[in-house]
Amino acid sequence: GQQVMQIPQYQHVQEGEDFTTYCNSSTTLSNIQWYKQRPGGHPVFLIQLVKSGEVKKQKRLTFQFGEAKKNSSLHITATQTTDVGTYFCAGGPNAGKSTFGDGTTLTVKP
Amino acid sequence: SAVISQKPSRDICQRGTSLTIQCQVDSQVTMMFWYRQQPGQSLTLIATANQGSEATYESGFVIDKFPISRPNLTFSTLTVSNMSPEDSSIYLCSVQVTNTIYFGEGSWLTVV
């Protein structure tokens, strides 16, 4: 079955540093979504990418979908303490029915 | 947008019992999805709940263990049957509205 791998598993940064998490799929994805889950919370949808090579920005967050639609990345510029949480990528035949990566847990030291 | 209400938010359950989780959406949706998130783990899709037809289960999940109802376009239930400590997880329902996915706040079950 489809596998979605995410690295790194953990990332600890100093506030103001950049952060990137990478997502790789064993198969070509029709779409990829990114979520943020705060400790004790539920996943919150950030974005969906559907086009090969697509790049989207949300303030300090930049999302990329690879040309082959098998990988993706989330980059946060100048992290803030409010960015802490676990970031998940997920991909599948449709957005609701997705295979989730293992997540990258980000901690930010003030 | 969509607002999803899940009940219960938390529960402690006895081994061997069953618990039904409810998911209510404030708008009509064709498909609802049930996920499980074991402690410290990622999310795993249990099944897709379709209105008017049987739920579609993912590999490793069976109807006898996780019966699902979908009586209308705004509501679904997931039952966790004959619970064991391994079923201690967060159970989440989700829906897709246009190009956005919404999750409920989750039902945190602990089986003792």
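In the block above lies the structure referred to throughout.
Only a predicted model underlies this, so the values are computations on that prediction, with no experimental measurement involved.

Draft legend 1. Structural detail: the packing of aromatic side chains. Under the definition given, this model contains ten aromatic pairs over all chains. Look at B:Phe61 and B:Phe66: their rings are 5.6 Å apart centre to centre, the planes differ by 65°, and that puts the pair in the edge-to-face class. Across the pair, exposure class does not vary: B:Phe61 and B:Phe66 are buried alike. Members of the aromatic cluster, each reached through a chain of ring pairs, are A:Tyr35, A:Phe45, A:Phe88, A:Phe100, B:Tyr35 and B:Phe103. The lysine or arginine in question, B:Arg10, covers the ring of B:Trp108, its NZ or CZ lying 4.7 Å from the ring centre.

Draft legend 2. Structural detail: the interface of chain B and chain A. Facing the 20 residues of chain B at the interface are 17 residues of chain A. Together chain B and chain A conceal approximately 1,500 Å² of surface at their shared face, both sides included; 60% is due to carbon and sulfur atoms. Interface area lost by chain B to chain A is led by B:Ser42, B:Ile101 and B:Phe103, which between them contribute 32%. The interface formed by chain B and chain A holds one salt bridge in total. Of all the elements in the fold, those that place two or more residues in the side of chain B that touches chain A are strand 4 (31–37), strand 5 (43–50), strand 9 (89–97) and strand 10 (100–103) of chain B. When residues of the side of chain B that touches chain A are assigned to their parent elements, the largest contribution, four residues, is made by strand 4 of chain B. Here the side of chain B that touches chain A is built from residues that sort into nine nonpolar, nine polar and two charged.

Draft legend 3. Unusual backbone geometry, seen in detail. Looking along the chain, the bond that leaves A:Ile7 and enters A:Pro8 is cis, with omega of -5°. Examined against the element boundaries, A:Pro8 turns out to sit in the loop between strand 1 (4–7) and strand 2 (10–14). Residue B:Pro8 is reached from B:Lys7 by a cis peptide bond, and omega for that bond is -5°. Within the secondary structure layout, B:Pro8 lies in the loop between strand 1 (4–7) and strand 2 (10–13). Backbone geometry at A:Ala78 places phi at a positive 50°, although glycine is not the residue there. Mapped onto the elements, A:Ala78 comes out in the loop between strand 8 (71–76) and strand 9 (85–92). The backbone of B:Asn82 sits at a positive phi, close to 45°, despite the residue not being glycine.

Draft legend 4. Quick look at the pattern of salt bridges. Applying the stated criterion across every chain yields a total of four salt bridges over all chains. Ionic pairing is found between A:Lys97 and B:Glu58, a salt bridge with its closest N-O pair at 3.5 Å. Note that A:Lys97 is positioned in the loop between strand 9 and strand 10 (99–100) and B:Glu58 in the loop between strand 6 (56–57) and strand 7 (68–72), a pairing that runs across two chains. Residues B:Asp87 and B:Lys65 are paired through a salt bridge, measuring 2.6 Å at the closest nitrogen-oxygen approach. Here B:Asp87, found in the loop between strand 8 (75–80) and strand 9, pairs with B:Lys65, found in the loop between strand 6 and strand 7; they are 22 residues apart in sequence, far enough to count as distant. Residue classification places B:Asp87 among the buried residues on the basis of a relative accessible area of 5%.

Draft legend 5. Seen up close, the layout of surface pockets. Estimates place the volume of the largest pocket at around 610 Å³. Contributions of two or more residues to the lining of the largest pocket are made by strand 9 and strand 11 (104–109) of chain A together with strand 2, strand 9 and strand 11 (107–111) of chain B. When grouped by side-chain class, the residues that make up the lining of the largest pocket number ten nonpolar, 18 polar and four charged. Put simply, the second largest pocket is a space of about 340 Å³. Of all elements in the fold, only strand 9 and strand 10 of chain A together with strand 4 and strand 5 of chain B reach the threshold of two or more residues within the lining of the second largest pocket. Counting residues per element, the lining of the second largest pocket draws most heavily on strand 5 of chain B, at three residues. Tallied by class, residues from the lining of the second largest pocket come to four nonpolar, eleven polar and four charged.

Parameters and conventions
Residues numbered from 1 in each chain as written. Chains lettered and ligands numbered in written order. Predicted model: local features only at pLDDT ≥ 70, side-chain atom pairs only at ≥ 80, totals over all residues. Heavy atoms only, no water. Phe/Tyr/Trp six-rings, centres within 6.5 Å; stacked < 30°, edge-to-face > 60°. Buried < 20%, exposed > 50% of the residue type's maximum accessible area, 1.4 Å probe, protein only. Lys NZ or Arg CZ within 6 Å of the ring centre and 35° of its normal. Contact = heavy atoms within 4.5 Å. Buried area = accessible area lost by both parts, 1.4 Å probe. Salt bridge = Lys/Arg side-chain N within 4 Å of Asp/Glu carboxyl O. Helix = DSSP H or I, 4+ residues; strand = E, 2+ residues; numbered from the N terminus. Nonpolar A, V, L, I, M, F, W, Y, C, P; charged D, E, K, R; others polar. 1 Å grid on protein atoms, 1.4 Å probe; cavity = no way out; pocket = protein on both sides within 12 Å on 5 of 7 lines; lining within 4 Å. Points joined across faces, edges and corners; volume = space filled by probe spheres on them.

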